[in-house]
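Descriptive analysis of the structure
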Amino acid sequence: MVPMKQPTRAARGIRIVAPGLSWALIILVALYIAVPMLCALAFSIYVPTIGFTFEPYLESVRDPGFFGALSLTLLITVLTVFGLLAIMVPTMVYLHLKAPRWRPIIEIVCTIPLVVPSIALAAGLVTVLRSMASFGRGSVPAQISQLLQNPDLPIVLIGSYIVLTLPFVFRSLDAGLRTIDLRTLVESAHSLGASGATVLWRVILPNIKGPVIFCVFFCIALCLGEFTMAVTLGYRTLPVWLTQIAGSNFRASISMSLLINALTWALLIAMTVLAGRAAPARALALKGHQS
């Protein structure tokens, strides 16, 4: 029997120091995030001549452009979420079942938005839309350009947000599909007479609930906070409206920014909690299936 080696003094020191260092880094990151937000909160609710008041929050809501920007942002968010899931979930399922050799190529394509800045993507879209409009009024390219830039239904902005979320959505769905026996589940469901839509809705989606929840909340957080694409393409979403009112009522813009920031953090926390709860349930289901 080989005797176990006693840990050296250096190893014991690392074990002692590492937890303290980890907590120190966590505290520093928490302070880095919390201190600016607390300062902004104090600035938004304290007016030197009045004292503590929530009037800046009421002023931001009473602004004439607030509800227009809010409704446009919510419309874009809902359509982006549905469009993203409708495109990516069937694509990823097909990729895993029928075309696994194409996975590296699709992964490279979906990673491009991480490499190309948002302003470059927006500038490219503007150039393409202008070139389509240059064909003249009544032409098919000009009509397509007008349809994509409809102010009531900004298809071009929805498509842009879908593209921006692709790197994170691809990896999340890919990891979720790798944790289940996808081929066996699909073949079993088809053998019982289920259609393709039924298999996708009642078999696959419940088994990748955690990754889908992540995709939904990440997409919502991006739509609520994205500024570059919206302002370059000429749409007055909530972040764009905040920058516009900052010149006339800076305290109100800070107040609304805090609310949006708090909502984004709440979504991210909910995403983490729900994804964590979905993971054990998926593991139990897979274990029961294997047994």
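Structural data are supplied above this passage.
Structural notes, computed from the coordinates.

Cut-off values and rules
Residues numbered from 1 in each chain as written. Predicted model: local features only at pLDDT ≥ 70, side-chain atom pairs only at ≥ 80, totals over all residues. Heavy atoms only, no water. Helix = DSSP H or I, 4+ residues; strand = E, 2+ residues; numbered from the N terminus. Buried < 20%, exposed > 50% of the residue type's maximum accessible area, 1.4 Å probe, protein only. Contact = heavy atoms within 4.5 Å. Areas by Shrake-Rupley, 256 points an atom, 1.4 Å probe, with all protein chains shown as cover. Axes fitted to C-alpha atoms, helices over the stretch in contact; angles between N-to-C directions. Left-handed = near helix turned anticlockwise from the far one by under 90°. Nonpolar A, V, L, I, M, F, W, Y, C, P; charged D, E, K, R; others polar. Core = buried A, V, L, I, M, F, W, Y, C linked by side-chain atoms within 4.5 Å. Expected span 1.5 Å × (residues − 1). Arc of directions from axis to C-beta. Salt bridge = Lys/Arg side-chain N within 4 Å of Asp/Glu carboxyl O. Parallel < 35°, antiparallel > 145°, perpendicular 65-115°, else oblique. Phe/Tyr/Trp six-rings, centres within 6.5 Å; stacked < 30°, edge-to-face > 60°.

Moving on: the overall build of the protein. Along the protein, the regular secondary structure elements total 13 helices and two strands. Taken across its 291 residues, the protein has 36% of its residues classed as buried. In the protein, once contacts between residues fewer than 6 apart in sequence are set aside, the share between residues at least 24 apart is 76%. Split by element, the accessible area of the protein, about 17,600 Å² in all, is 71% carbon and sulfur.

Interhelical geometry of helix H4 (residues 103–115) versus helix H7 (residues 155–178) gives an angle of 140 degrees and a closest axis separation of 6 Å. In this structure, H4 meets H7 at a crossing whose hand is left-handed. Contacts between H4 and H7 pair Arg103, Ile106, Glu107, Cys110, Thr111, Pro113 and Leu114 from the former with Val163, Leu164, Leu166, Pro167, Phe168, Phe170, Arg171, Asp174 and Arg178 from the latter. Tallied by class, the residues present in the contact of H4 with H7 amount to ten nonpolar, one polar and five charged.

This brings us to the nonpolar core. Among the nonpolar cores identified, the biggest contains 60 residues, and Tyr161 and Leu173 are the most heavily contacted of them. Looking at this core element by element, the count peaks at twelve residues for helix H3 (residues 66–97). Leave out the neighbours within four places in its chain, and tyrosine 161 touches Ile76, Thr80, Leu222, Cys223, Glu226, Met229 and Ala230. Counting residues in each nonpolar core, the second largest holds five residues, with Ile45, Tyr57, Ile254 and Leu258 among its members.

Moving on to helix H9 (residues 196–207). Working note: α-helix, 3.6 residues per turn, so residues spaced by three or four point in the same direction. Between the first and last C-alpha of H9 there are 16 Å, a value that for twelve residues agrees with the 16 Å anticipated at 1.5 Å per step. All buried positions along H9 are accounted for by Val199, Val203, Ile204 and Asn207. Angular distribution of buried residues about the axis of H9 spans 85 degrees; they occupy a single face of the element. Away from the buried face of H9 by more than 90 degrees, exposed residues Ala197, Trp201 and Arg202 are located.

With that out of the way, let us pick up the side chain of threonine 165. Looking at the element boundaries, threonine 165 is found in helix H7. By relative accessible area, which is 0% here, threonine 165 ends up buried. Filtering out sequence-adjacent residues up to four positions away, threonine 165 remains in contact with Leu84, Phe218, Cys219 and Leu222.

This paragraph deals with the pattern of salt bridges. Inspection of the entire model under this criterion finds four salt bridges. As a salt-bridge pair, arginine 103 and aspartate 174 come within 2.7 Å of each other at their nearest N and O atoms. You can see arginine 103 sitting in helix H4 and its partner aspartate 174 sitting in helix H7, a full 71 residues away along the chain. Arginine 171 is paired through a salt bridge with glutamate 107; the nearest N and O atoms lie 3.2 Å apart. Of this pair, arginine 171 sits in helix H7 while glutamate 107 sits in helix H4, and the two are 64 residues apart along the sequence. Since its relative accessible area comes to 45%, arginine 171 is described here as partly exposed. Exposure remark for glutamate 107: the relative accessible area of 18% places this residue in the buried category. Shared partners join several salt bridges into a network, and the residues in it are Arg103, Glu107, Arg171, Asp174 and Arg178.

Packed helices, taken two at a time, are described by their axes: the angle between them and the distance between them. At a minimum axis distance of 9 Å, the contact between H3 and H7 shows a crossing angle of 40 degrees. Comparing the axis directions of H3 and H7 gives the class oblique. In this structure, H3 meets H7 at a crossing whose hand is right-handed. In contact with Ile76, Leu79, Thr80, Gly83, Leu84, Ile87, Met88, Val89, Met92, Val93, Leu95 and His96 of H3, H7 contributes Leu157, Ile158, Tyr161, Ile162, Thr165, Leu166, Val169, Phe170, Leu173, Asp174, Leu177 and Arg178. For the contact of H3 with H7, a count of residues per class yields 18 nonpolar, four polar and two charged.

Turning next to the side chain of threonine 237. Along the chain, the position of threonine 237 falls in the loop between helix H11 (228–233) and helix H12 (238–245). The exposure class assigned to threonine 237 is buried, which follows from its relative accessible area of 2%. What threonine 237 contacts, discounting residues up to four positions off in sequence, is Ala69, Leu72, Thr73, Ile76, Leu157, Glu226 and Ala230.

An ideal rise of 1.5 Å per residue puts 24 Å on 17 residues; helix H10 (residues 209–225) measures up with 24 Å between its terminal C-alpha atoms. Summarising burial for H10: 14 of the 17 residues are buried, a large majority.

Turning our attention to the packing of aromatic side chains. The tally for this structure, following the rule as stated, stands at four aromatic pairs. For the ring pair phenylalanine 66 and tryptophan 241, a centre distance of 5.3 Å and an interplane angle of 55 degrees mean the geometry is tilted. One end of the pair, phenylalanine 66, is in helix H3; the other, tryptophan 241, is in helix H12, and 175 residues separate them in sequence. Accessibility assignment for this pair places phenylalanine 66 and tryptophan 241 in one class, buried. Taking 5.9 Å as the distance between ring centres and 15 degrees as the angle between the ring planes, the aromatic pair formed by phenylalanine 214 and phenylalanine 218 counts as stacked. Here phenylalanine 214 and its partner phenylalanine 218 are both found in helix H10, four residues apart, which amounts to about one turn of the helix. The class for phenylalanine 214 is partly exposed, based on a relative accessible area of 23%. Through pairs of rings, three or more aromatic residues link up here, namely Phe66, Phe67 and Trp241.

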